[in-house]
Amino acid sequence: MIPAIFGLSGPRLTADERAFFADADPAGYILFGRNVESREQVRALTDELRAIHGRERLLVTIDQEGGRVARMKPPVWPAFPTGEAFDRLYDVAPASAIEAARCNAEALGLELAEVGISCDCWPVLDVREPGAHDVIGDRALGTEPLRVAALGRAILDGLARAGVVGVVKHMPGHGRALADSHKELPTVTADETALERDLAPFRALVHAPVAMTGHIRFTAWDAEHPATQSPFVIDQIIRQRIGFGGLLLTDDLDMEALAGPVPERAARALAAGCDIALNCWAKMDDMIGIATACPELRADSAARLAVALAGMGPLVADPSRGAALAAKRDSLLALHA
């Protein structure tokens, strides 16, 4: 098995993709809007991915947060609120906000489970900072670390009740970046004391099975490398100071924050200590390059992957339960209206 998650080019596997995936044996796959048309089509696609190597438990991931980050959209799938909605409710009713976040995540997770998606790149644990770039913005769960952690824990719990594993992101924190890492490499110059705020939600949820890095350079820790490719940040900050022992994915390697050919980006991230390289855009040359440049999945990474897979439940449809959860969420959010 190679330590990579790959994207797919369209709503159905091409013959070339099927043959390549069978040969390369990636750790998992990620879906985007280009891969989703209908419930039946997505379920058929995820079933086909599982059939390639006969694995019932497989990392089939997506970015489905609600708000502007949603690959599965109306009218086929319901819309879900932004993280900011739960932050606002927390101002007036913290317990209600936590319950609303849990109900929302379970309802969202049931939509994923119905179509065979086992892993959601969510919750966002980045602490929102005034004046930062709005790439996080209303995706954030708040400006106070313990609030972010409380709502993030509720999201992980809700997803788990639907049989879906959540991915906390973007470790060690994207909330104070002044640039969008999709477009350029942000440099954060905050000192160690300030950065403790960024680490706090991740430390509170340190037992999450999966996390994602951020492509951000932190001068207090490593003035040369982005976190994703920094041995110091991966080992000293994420593994030791935060204490995270779960499966660590890179953010998308195609993002313009990183330099060099995509296979080299993957190799540098894995050498720095990441477990899995995330390559989203289904460019066959890049995927072949990653499979060639990257070693087999390390034994420690395989053990972390096994823990994540063990947290997945039966991925079955339950529309009436989802509708009831969404209604409860809406009644709670109305407390702030």
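Refer to the structure above for everything that follows.
Bear in mind that the values here come from a model prediction, so they are computed numbers and not experimental data. (Residues numbered from 1 in each chain as written. Predicted model: local features only at pLDDT ≥ 70, side-chain atom pairs only at ≥ 80, totals over all residues. Heavy atoms only, no water.)

Regarding the overall build of the protein
Consideration 1: Across its full length, the protein holds 11 helices and 13 strands.
Consideration 2: A compact globule built from 337 residues would reach a C-alpha radius of gyration of about 20 Å, and the protein, at 19 Å, matches this within 12%.
Consideration 3: By the burial criterion, 60% of the 337 residues in the protein qualify as buried.
Consideration 4: Here the analysis covers contacts within the protein between residues at least 6 apart in sequence; of these, 77% occur between residues at least 24 apart.
Consideration 5: As displayed, the protein offers around 12500 Å² of accessible surface, 55% of which is attributable to carbon and sulfur atoms.
Consideration 6: Distance between charge centres in the protein, computed from 34 positive and 46 negative side chains, equals 3 Å. (Helix = DSSP H or I, 4+ residues; strand = E, 2+ residues; numbered from the N terminus. Rg over C-alpha atoms; globule rule 2.2 N^0.38 Å. Buried < 20%, exposed > 50% of the residue type's maximum accessible area, 1.4 Å probe, protein only. Contact = heavy atoms within 4.5 Å. Areas by Shrake-Rupley, 256 points an atom, 1.4 Å probe, with all protein chains shown as cover. Lys, Arg positive; Asp, Glu negative; His and termini not counted. Charge placed at Lys NZ, Arg CZ, Asp CG, Glu CD.)

Some remarks on unusual backbone geometry
Consideration 1: The step from Trp-122 to Pro-123 runs through a cis peptide bond, and the omega angle for that step is 20°.
Consideration 2: Turning to its location among the elements, Pro-123 is positioned in the loop between β6 (119–120) and α5 (145–161).
Consideration 3: The linkage connecting Met-171 with the following residue, Pro-172, adopts the cis geometry, with an omega of 10°.
Consideration 4: Mapped onto the secondary structure, Pro-172 falls in the loop between β8 (168–171) and β9 (187–188).
Consideration 5: In this structure, Asp-25 is a non-glycine residue whose phi angle is positive, near 60°.
Consideration 6: Position of Asp-25 relative to the elements: it lies in the loop between α1 (15–24) and β2 (26–31).
Consideration 7: Although it is not a glycine, Ala-282 adopts a positive phi angle of roughly 60°.
Consideration 8: Along the chain, Ala-282 turns up in the loop between β13 (277–279) and α9 (284–293).
Consideration 9: Judged by its relative accessible area of 13%, Ala-282 falls in the buried class.

Considerations on the pairing of β2
Consecutive side chains along a regular strand alternate between the two faces of the sheet.
Consideration 1: The buried fraction of β2 is high, at 6 of 6 residues.
Consideration 2: Bridge analysis of strand β1 (residues 2–7) against β2 gives 4 bridges, and the strand direction is parallel. Looking across to β2, one finds that Ile-5 is bridged to Gly-28.
Consideration 3: Crossover β1 to β2 through α1 is right-handed.
Consideration 4: Note: β2 against strand β3 (residues 59–62), 4 bridges, orientation parallel. The residue bridging Gly-28 from the neighbouring strand is Leu-59, located in β3.
Consideration 5: Once you follow β2 into helix α2 (residues 39–53) and on to β3, the crossover reads as right-handed. (Pairing = 2+ DSSP bridges. Right-handed = clockwise from strand over helix to strand, strands pointing away.)

A closer look at α5
Consideration 1: Here α5 contains 17 residues, and its C-alpha end-to-end distance of 24 Å stays within 8% of the 24 Å for a straight helix at 1.5 Å per residue.
Consideration 2: In terms of residue burial, α5 counts as a mostly covered element, since 12 of its 17 residues are buried.
Consideration 3: Among all positions in α5, only Pro-145, Arg-147, Val-148, Ala-149, Ala-150, Leu-151, Gly-152, Ala-154, Ile-155, Leu-156, Gly-158 and Leu-159 are buried.
Consideration 4: The inward-facing, buried residues of α5 contact α3 (83–92), α4 (94–114), β6, β7 (165–166), β8 and α6 (192–204).
Consideration 5: Its side-chain oxygen placed 3.1 Å from the backbone nitrogen of Leu-146, Glu-144 serves as the N-cap of α5. (Expected span 1.5 Å × (residues − 1). Polar contact = N/O pair within 3.5 Å; in protein donor to acceptor, adjacent residues only side chain to side chain.)

Side note on the sheet that holds strand β10 (residues 210–213)
Consideration 1: Ordered in space as β8-β10-β12, the 3 strands form an open sheet in which the pairing is parallel. Since the sheet does not close on itself, it has two edges, and those belong to β8 and β12 (247–249), each with one partner. In this sheet, adjacent strand axes meet at a mean angle of 30° when their direction is disregarded.
Consideration 2: Judged from the 3 bridges that link them, β10 and β12 form a sheet pairing that is parallel. Across the sheet, Ala-211 pairs through a bridge with Leu-248, a residue of β12. (Axes fitted to C-alpha atoms, helices over the stretch in contact; angles between N-to-C directions.)

Quick look at the packing of aromatic side chains
Consideration 1: Counted according to the given criterion, the structure contains 6 aromatic pairs.
Consideration 2: Summarising the aromatic geometry, the rings of Phe-20 and Phe-21 are spaced 5.7 Å apart at their centres and angled 55° between planes, so their arrangement reads as tilted. There is no split in this pair, since Phe-20 and Phe-21 are both buried.
Consideration 3: Between Phe-218 and Trp-221, the ring centres sit 5.0 Å apart and the planes meet at 45°, which makes this aromatic pair tilted.
Consideration 4: Note on Phe-218: relative accessible area 2%, which makes it buried.
Consideration 5: On the basis of relative accessible area, Trp-221 is assigned to the buried category, the value being 7%. (Phe/Tyr/Trp six-rings, centres within 6.5 Å; stacked < 30°, edge-to-face > 60°.)

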